[in-house]
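# Chains, contacts and geometry: an overview
Chain by chain, the residues:
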Amino acid sequence: MKNSLNVKLFKKCAFCKYWYDPCNTHIAPKTPSKNIWEYEVNTRCKCLKKNVQMAAFSSCSNYECKITII
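Residues numbered from 1 in each chain as written. Predicted model: local features only at pLDDT ≥ 70, side-chain atom pairs only at ≥ 80, totals over all residues. Heavy atoms only, no water.

Here the focus is the packing of aromatic side chains. Considering all chains together, one arrives at two aromatic pairs under this definition. Consider the rings of F15 and W37, whose centres lie 6.5 Å apart with planes at 80°: the pair is edge-to-face. Of this pair, F15 sits in the loop between β1 (2–6) and β2 (27–31) while W37 sits in strand β3 (residues 36–40), and the two are 22 residues apart along the sequence. Like F15, the residue W37 is buried in the burial classification. On the basis of an interplanar angle of 75° and a centroid distance of 5.6 Å, the ring pair of F15 and Y39 is categorised as edge-to-face. Of this pair, F15 sits in the loop between β1 and β2 while Y39 is found in strand β3, placing the two residues 24 residues apart along the sequence. As far as the burial class goes, F15 and Y39 line up, both buried. Among the aromatic residues, those joined into a ring-pair cluster are F15, W37 and Y39. (Phe/Tyr/Trp six-rings, centres within 6.5 Å; stacked < 30°, edge-to-face > 60°. Helix = DSSP H or I, 4+ residues; strand = E, 2+ residues; numbered from the N terminus. Buried < 20%, exposed > 50% of the residue type's maximum accessible area, 1.4 Å probe, protein only.)

And the structure:
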C-alpha cells in the first residue's frame, strides 16, 4: 500500500536519513515541486540511530529528512 504526503510537513521514517534504504526503493516523487512524495506504508527498515526495525510510517525525535525540501 502506498501513501502520499508533504515531506516538509510530516516526519515519517521512510524519509529519514537514518532509515536504512540506501537505494530509496520504498519512496518515489509524486509532485516534487510541492514536496509531495509517496512511500510504501507497510515497509520496515533498520534505523541506524536506534538499531531497530522501524515502520515507514513511524516517526521519532531523531528524524532528519533525506529529501531536499524546496
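Turning to the sheet that holds β1, a few remarks are in order. Read across the open sheet, the three strands follow the order β1-β3-β2; overall the sheet is antiparallel. Since the sheet does not close on itself, it has two edges, and those belong to β1 and β2, each with one partner. When the angles between neighbouring strand axes are averaged without regard to direction, this sheet yields 30°. Pairing geometry for β2 and β3, over four bridges, is antiparallel. Bridge pairing in β3 places P29 opposite W37. (Pairing = 2+ DSSP bridges. Axes fitted to C-alpha atoms, helices over the stretch in contact; angles between N-to-C directions.)

Remember that the coordinates give geometry; whether it matters functionally is a separate question.
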